[in-house]
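Chain and residue survey
Residue strings, one per chain:
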There are 2 protein chains.
Amino acid sequence: MVLFRQELGDVLRNARRSQGRTLRQVSSDARVSLGYLSEIERGQKEASSELLVSVTDALGLPLSYVLREVSDRIALTEGVTVPDTIPDSLADETGTLVGAR
Amino acid sequence: MVLFRQELGDVLRNARRSQGRTLRQVSSDARVSLGYLSEIERGQKEASSELLVSVTDALGLPLSYVLREVSDRIALTEGVTVPDTIPDSLADETGTLVGAR
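Residues numbered from 1 in each chain as written. Chains lettered and ligands numbered in written order. Predicted model: local features only at pLDDT ≥ 70, side-chain atom pairs only at ≥ 80, totals over all residues. Heavy atoms only, no water.

By a simple turn and slide, chain B fits onto chain A: the slide is 0.0 Å along the axis, the RMSD is 0.0 Å, and the turn is 180°. The symmetry that links the two subunits is that of a two-fold axis. Of every C-alpha in chain B, the one belonging to R68 of chain B sits nearest the axis of rotation, 2.9 Å from it. Most of the interface of chain B is mirrored in chain A: 100% of its interface residues are interface residues there too. (Least-squares fit on C-alpha atoms with pLDDT ≥ 70 in both. Contact = heavy atoms within 4.5 Å.)

The relative placement of two packed helices is expressed as an angle between their axes plus a distance between the axes. Residues and elements named next belong to chain B. With their axes 8 Å apart at the nearest point, helix α2 (residues 23-30) and helix α4 (residues 49-59) run at an angle of 120° to one another. As judged from the angle between their axes, α2 and α4 are oblique. Crossing geometry of α2 relative to α4 is assigned as right-handed. Contact residues: V26, D29 and A30 in α2; S54, V55, A58 and L59 in α4. Of the residues contributing to the contact of α2 with α4, the split by class is five nonpolar, one polar and one charged. (Axes fitted to C-alpha atoms, helices over the stretch in contact; angles between N-to-C directions. Helix = DSSP H or I, 4+ residues; strand = E, 2+ residues; numbered from the N terminus. Parallel < 35°, antiparallel > 145°, perpendicular 65-115°, else oblique. Left-handed = near helix turned anticlockwise from the far one by under 90°. Nonpolar A, V, L, I, M, F, W, Y, C, P; charged D, E, K, R; others polar.)

Right, let's get into the interface of chain B and chain A. Contact residues are listed per partner, giving 26 residues for chain B and 26 residues for chain A. At the junction of chain B and chain A, the tally comes to two salt bridges. Here R5 of chain B makes a salt bridge to E50 of chain A, at a shortest N to O gap of 2.7 Å. At the boundary of chain B with chain A, the tally comes to 12 residue pairs in polar contact (both at pLDDT 80 or more). Looking at the side of chain B that touches chain A, the elements that each hand over two or more residues are α1 (4-18), α4 and α5 (63-78) of chain B. (Salt bridge = Lys/Arg side-chain N within 4 Å of Asp/Glu carboxyl O. Polar contact = N/O pair within 3.5 Å; in protein donor to acceptor, adjacent residues only side chain to side chain.)

As far as function goes, none of this settles anything; it's purely spatial.
See the structure below:
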């Protein structure tokens, strides 16, 4: 089962590392305890909505962006293409057209 | 401050209502208490990751879809266009071109 907190933790950790920052730096900027942020990043604790704002602010990322990343990661595991899905009927049609060329 | 739990609650409630279902029906299908689901929908409680899976399953929606809706709603309040943002330099250029026509 894909869990929100695990994907969120991965996204936050990846963002922090890509900025070359330590847990200590980001937890200090976000004014949350290092231990709590560490647990969030490892997907061991649920992040409160207020913490999410603090941490995304500290990372300089819009909350919407972080959530979209999480959504995209979960979509991959679901096998769902979120923005545009082609109905089976149209997909079949496309297949026929390609075959007819 | 835009909070994740409030936008999530709105998305879950809108989805349930668009299906013409009651809190009682969805809470029963999701095997969560009606009171808890009600608090989630009103943005008063944080949803655990496990609850999110149960409720989105009960609604027949991929979790990724629900999170994307939440992300889109938050992006609107942030004034962020998530997929494609035009750098200021290009936006200026476009403005100049339009002005020159």
